[in-house]
Each structure stands twice: as structure tokens, then as C-alpha cells.
Amino acid sequence: GEEVAQTPKHLVRGEGQKAKLYCAPIKGHSYVFWYQQVLKNEFKFLISFQNENVFDETGMPKERFSAKCLPNSPCSLEIQATKLEDSAVYFCASSPDRGHEQYFGPGTRLTVT
Amino acid sequence: DQQVKQNSPSLSVQEGRISILNCDYTNSMFDYFLWYKKYPAEGPTFLISISSIKDKNEDGRFTVFLNKSAKHLSLHIVPSQPGDSAVYFCAASALSNSGYALNFGKGTSLLVTP
């Protein structure tokens, strides 16, 4: 597609439950990025992929967060045993190649209660 | 540590006038800079970018200026229109260091009044 698609739009989980978010990058884009927007305006980089390979995972809280980008499937970000502090908007972005601008999806708002 | 800083949380400009949004960075490894516009409940929309080998890039009403020695960039919108009212984020990455992740500022909320 011509836009980055993210599902679901909203997700509510009780503390300790699992959350799984999905992202379909723009067709032909090799790079996928996940960002977390906590509070209103702070973006935090989580992880990036080059095709199905993890490219940079320096931002991932590794104990509970995991992500995959498998061929012919949407990319996913999974949070095991969610905590209140995981409440945020999670954005996925894709880019055609290194050194290009990133195009963002509409985000998934995760609320942990 | 905030490596990209937008020190003005908000800016109000009259329609037709110039809007100037500022951004400072601390990491000298940054070599690619971008501006994004964001409406509530939507993802950031790419506006314009500049590589560190340039000091100016223009696209229609939007111009980005880069001053590497001062580690400062600015976005000029001329003329400003009410539809430009949004939050503007400055972002930077270090491409030469193989880091393509974007480091964002905290945004400047622009209000263009008729």
C-alpha cells in the first residue's frame, strides 16, 4: 500500500496482560521502525528492521518487549506482562532505503489499566 | 538526555506572515535532519529534510536552514496558512554512524490565526 497501516487503533489491557500491535509498511520499503510516544510529545525509538532482520534494537526494553518482521506478514510488536508505564501511542514508520525520510503510520494507542 | 531540543513549546503567527520554528541539537554525529508536522490523533507527516552537506533546502512554502557550527536548524513557512496549525517536530539521525533511528525534539505547537 501507499501508506503505513497500523492495527488496532486502540488497545486496552489490564496490567500483566499481553499486548500485540501490528504494522504493514509501505510496499517496497526495506526499513521498518517502531517508536513509543509517551506523555504528549516525547518520542522514543524502540527497534528497527531491514527487511526481516533486526537492524537496531538499542531502544528495546528486552525483558518484556519483542518484535518481528516476517516475509509476507505485517510486522508486530509484542509486550508481555504489560505495565502501567507502557501506556503510550506506538508508531510504526517505514523507509525505502537508508538515508531517506521515514513515513509514519497513524499509531496504536495502548492503555494499560 | 535530550539530544534534539525545541525550546519554544508554542508559537502564534498571523495568516500570511512568516513562521519560524527553531531546533538545536547536541550530538555532532547527526548528519541528517527532518521536520515533521503532526495533527492530534494522527502520525507525524514528513515535511522537509536536509543533509549536513547543505545549509538550505526549499520545498514550496517550506525552507529549512542548517547552521552546523551552531548546531541549529530552523524551519521557515512563508506565507503561513491556518491549515499549517499543528505540532512541528524536529528530528535528527546519524546516517554515517549507521544509526537511522530518529531522535525527536519535543515539538512546537504552531497556531496560525486568520
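Up top you'll find the structure we're talking about.
Residues numbered from 1 in each chain as written. Chains lettered and ligands numbered in written order. Predicted model: local features only at pLDDT ≥ 70, side-chain atom pairs only at ≥ 80, totals over all residues. Heavy atoms only, no water.

A. Fine view of unusual backbone geometry. In the segment running from Thr7 of chain A into Pro8 of chain A, the intervening peptide bond is cis, with an omega of -10°. Counting through the fold element by element, Pro8 of chain A comes out in the loop between β1 (5–7) and β2 (10–13). Val78 of chain B connects to Pro79 of chain B through a cis peptide bond whose omega is -10°. You can see Pro79 of chain B is positioned in the loop between β8 (72–77) and β9 (86–94). (Helix = DSSP H or I, 4+ residues; strand = E, 2+ residues; numbered from the N terminus.)

B. Geometry of the state of the cysteines. Evaluated as defined, the whole model comprises 3 disulfides over all chains. Note on cysteine connectivity: Cys69 of chain A is disulfide-linked to Cys75 of chain A, with sulfurs 2.0 Å apart. The disulfide joining Cys69 of chain A to Cys75 of chain A has a torsion of about 110° about its S-S bond and is therefore right-handed. Owing to a relative accessible area of 4%, Cys69 of chain A belongs among the buried residues under this scheme. Judged by relative accessible area, which is 4%, Cys75 of chain A ranks as buried. Two residues share a disulfide in this structure: Cys23 of chain B and Cys90 of chain B, whose sulfurs sit 2.0 Å from each other. Across the S-S bond of Cys23 of chain B and Cys90 of chain B the torsion is about -75°, and the bridge reads as left-handed. Within this pair, whereas Cys23 of chain B is found in strand β3 (residues 19–25), its partner Cys90 of chain B is found in strand β9, the two being separated by 67 residues in sequence. Of the two residues, Cys23 of chain B and Cys90 of chain B, both sit in the buried class. (Disulfide = S-S within 2.5 Å. Buried < 20%, exposed > 50% of the residue type's maximum accessible area, 1.4 Å probe, protein only.)

C. Representation of the side chain of Ser80 of chain B. All names here are of chain B. Tracing the chain through its elements places Ser80 in the loop between β8 and β9. Within polar-contact distance, the side chain of Ser80 engages the backbone oxygen of Arg17 at 2.7 Å. Sequence-distant contacts of Ser80, defined by excluding residues within four places in its chain, comprise Val13, Gln14, Glu15, Gly16, Arg17, Ile18, Ser19, Arg61 and Val112. (Polar contact = N/O pair within 3.5 Å; in protein donor to acceptor, adjacent residues only side chain to side chain. Contact = heavy atoms within 4.5 Å.)

D. Geometry of the sheet that holds β8 of chain B. Residue and element names in this part refer to chain B. Spatially, the 5 strands line up as an open sheet ordered β1-β3-β8-β7-β6, and their pairing is antiparallel. Bordering the open sheet on either side are β1 (4–5) and β6 (56–59), each of which pairs with just one other strand. Sheet analysis places β1 next to β3, joined by 2 bridges and oriented antiparallel. In the sheet register, Lys5 faces β3, and the bridge partner there is Asp24. (Pairing = 2+ DSSP bridges.)

E. A look at the packing of aromatic side chains. In the structure shown here, the tally under the stated rule is 20 aromatic pairs over all chains. The interplanar angle of 90° and the centroid separation of 5.0 Å between the aromatic rings of Phe43 of chain A and Phe89 of chain B together place this pair among those described as edge-to-face. Here Phe43 of chain A, found in strand β5 (residues 42–50), pairs with Phe89 of chain B, found in strand β9, and the two come from separate chains. The same class applies to Phe43 of chain A and to Phe89 of chain B, which are both buried. (Phe/Tyr/Trp six-rings, centres within 6.5 Å; stacked < 30°, edge-to-face > 60°.)

F. Representation of the environment of Gln102 of chain A. Mapped onto the elements of the fold, Gln102 of chain A is located in the loop between β9 (88–95) and β10 (103–104). Counting along the chain gives 35 residues from Gln102 of chain A to Ala67 of chain A, while the straight-line C-alpha distance between them is 19 Å.

G. Expanded view of the interface of chain A and chain B. Each side of the interface is counted separately: chain A has 19 residues, and chain B has 19 residues. Three residues stand out in chain A for area buried against chain B, namely Asn41, Phe43 and Phe104 of chain A, and they jointly supply 31% of the buried area on that side. Our count for the contact surface shared by chain A and chain B stands at 1 salt bridge. Here Glu42 of chain A and Lys106 of chain B are joined by a salt bridge, their closest N and O atoms 3.3 Å apart. At the junction of chain A and chain B, the tally comes to 5 residue pairs in polar contact (both at pLDDT 80 or more). Mapped by element, the contributors of at least two residues to the side of chain A that touches chain B are β4 (31–38), β5 and β6 (53–56) of chain A. (Buried area = accessible area lost by both parts, 1.4 Å probe. Salt bridge = Lys/Arg side-chain N within 4 Å of Asp/Glu carboxyl O.)

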